[in-house]
Each structure stands twice: as C-alpha cells, then as structure tokens.
Amino acid sequence: MSQDSQNAGPTLPDGMLLEGIVTTLDADGSPHIAPMGPIVDAEFNCLVLRPFRTSVTYANLKRSGAGVLHVTDDVELLARAAVGRLDQLPRLVPAEAIEGAILADACRWYAFHVVSLDDRDERTRIVARVVDRGRLRDFFGFNRAKHAVVEAAILATRVGLLEANHIRSELERLAVLVEKTGGHQERRAFAFLRSHVSEELARLASDTAEKAVR
Ligand SMILES: Cc1cc2nc3c(=O)[nH]c(=O)nc-3n(C[C@H](O)[C@H](O)[C@H](O)COP(=O)(O)O)c2cc1C
C-alpha cells in the first residue's frame, strides 16, 4: 500500500467535486473564508480537500484540524472571497461541534474534522469527516450566470498561471451568459471579477516591463 493510500482515511464511494466555500479559523480565532472544491461522497460524510500549500485554508486546517464546508448560491461572496477581497465579513454564527464559523446565509453547511493530511505535494490532500451539518435555506437552482461567475472566479485565481489572452477570451464568453441570464448579484459579481482581473493583468504586464528594462 502506498503512503498516500495509507494516509487517505475512509475511501470515497461515488465521489464528486463540489464547488463550495470553506471557513476556517486563523491563529487569532478570526474567521477565514475561501472557495474550495472538495470531493464529497453522496451522503456528505467524507470530504477530500485539495488546498495548495500556499493557501491560508491549508495552514488553518493543518493547525486547527477543523473547518466548515458550505453549499451556497451566493456567487458574489464566492467571487470576492476567491481573490481575498471581502470588504466586510458576511453574517457568521459559531459552530457547536467544532471550533469554527458557519455562514448564516448559506444553503447548507457541513462541519468537519481533519482525519488525515498529506502535504508532500504543492497541492495537498486533506481527508475530513463530517461531524455536524445543517440546512438553512433552499438553493436557487441551475442558472448559467451563476455558473459563469464561478468559472470567472476560478480564472481570477489563476492570473499569472494562465495566458492573459486565454483569460480575457474566456471572460468575454462568460460575459454573454451573465448578460443573458443573470440578476443583479451575478452582474455585480462578474463586473467585480472583470475589473479585478484587468487590474491584475495590468500589474503583471508592468512588472514584466520593469524587469525587462532593468
Ligand atoms: C470555485 C472555486 C474552487 C476553488 N477550489 C480550490 C481548491 O480546491 N484548492 C485551492 O487551493 N484553491 C481553490 N480555489 C482558489 C482559492 O479559493 C483561492 O486561491 C483562495 O484565495 C486561496 O485560498 P486562501 O484564501 O485559503 O489562501 C478555488 C476557487 C474557486 C473560485
């Protein structure tokens, strides 16, 4: 048996990737909010999180061994948290089964304990067991603009890793879906991501130009 499978903890039948939001606690106890795409089993008993070693979520999970995964349709929160630009914290309530924070406006939440953590690679593998859960409100349902914002948020976290032209053309394609099918929240979230990405791309281009001159 490989070291990885020894560390893996419970196996995941029928695993599927869920784009959610994970809250963890910083060393000083303040909440940290980040979109994450763990693999979940059909009953949501077990999660496999894949945070990069550079992420705050990884550091918090390693230190505290607990967090809360949320299912939400709030793409504006997801967009802002993805690029670390939450102007203000959303409403949070303390979790009871773990030391953690629950997003009060999420649809569902799953409080978990870390069972095993493998951080030999840059992208870590953290297996967690769900120890408490709750349902707060209905999920809006399928909406192409919401999904487009999720895609745009993922692109926004990959500026510097993906080609600038690829990011720009993908955003153009996604913009059509937001225009056609989005409401206010989706339009605001998409406009925010677009301007964040263009600022970041401009900053990268000027850093590169400066280095070339030196
Ligand atoms: C839908 C979505 C899913 C994501 N999934 C992951 C993930 O599984 N692992 C990861 O390291 N970052 C993921 N990210 C990127 C992080 O949310 C983003 O880089 C974040 O700023 C880093 O996390 P931190 O705030 O904990 O440092 C995802 C972003 C989005 C929008």
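Quick caveat, the model's predicted, so the values are computed rather than measured. (Residues numbered from 1 in each chain as written. Predicted model: local features only at pLDDT ≥ 70, side-chain atom pairs only at ≥ 80, totals over all residues.)

### Some words on the overall build of the chain
Next up, step 1: Secondary structure summary: the chain contains six helices and 10 strands in total.
Next up, step 2: Here the C-alpha radius of gyration of the chain, 18 Å, is about what a compact globule of 214 residues would show, namely 17 Å.
Next up, step 3: Dimensions of the chain, computed from C-alpha atoms along their principal axes, come out at roughly 50 × 45 × 35 Å.
Next up, step 4: Within the chain, the fraction of its 214 residues that count as buried is 34%. (Helix = DSSP H or I, 4+ residues; strand = E, 2+ residues; numbered from the N terminus. Rg over C-alpha atoms; globule rule 2.2 N^0.38 Å. Buried ≥ 20, exposed ≤ 12 C-beta atoms within 10 Å, placed from the backbone.)

### A short note on the site of the ligand
Next up, step 1: The immediate surroundings of the ligand are formed by 18 residues, with Ala 34, Pro 35, Ser 55, Thr 57 and Ala 153 found nearest.
Next up, step 2: When residues of the shell around the ligand are traced back to their parent elements, those giving at least two are strand 3 (31-36), helix 2 (56-64), helix 3 (75-82) and helix 4 (144-156).
Next up, step 3: Taken together, the residues that form the shell around the ligand break down as 11 nonpolar, five polar and two charged.
Next up, step 4: Taken domain by domain, the shell around the ligand gets at least three of its residues from each of domain 1 (3-135) and domain 2 (144-213). (Near = placed C-beta within 6 Å. Nonpolar A, V, L, I, M, F, W, Y, C, P; charged D, E, K, R; others polar. Domains from an automatic or database assignment.)

### Looking at helix 6 (residues 184-213)
Next up, step 1: Between the first and last C-alpha of helix 6 there are 44 Å, a value that for 30 residues agrees with the 44 Å anticipated at 1.5 Å per step.
Next up, step 2: Summarising the contacts, the buried residues of helix 6 are in contact with helix 3, helix 4 and helix 5 (164-181). (Expected span 1.5 Å × (residues − 1). Contact = placed C-beta atoms within 7 Å.)

### Thoughts on the confidence of the model for the chain
Next up, step 1: In the predicted model, the chain carries a mean pLDDT of 93, and the fraction of residues at 70 or more is 93%.
Next up, step 2: In the model, residues 1-9 has pLDDT below 50 throughout and makes nine contacts with residues more than four positions away in sequence or in other chains. (pLDDT = per-residue confidence, 0-100.)

### Thoughts on the domain arrangement of the chain
Next up, step 1: Assigned domains of the chain: these are domain 1 (3-135) and domain 2 (144-213).
Next up, step 2: The straight-line distance from the C-alpha centre of domain 1 to that of domain 2 is 24 Å.
Next up, step 3: Counting residues at the interface gives 11 residues for domain 1, matched by 13 residues for domain 2.
Next up, step 4: Among the elements that make up the side of domain 1 that touches domain 2, the one with the highest residue count is helix 3 (six residues).
Next up, step 5: Looking at the side of domain 1 that touches domain 2 residue by residue, the classes come out as six nonpolar, no polar and five charged.

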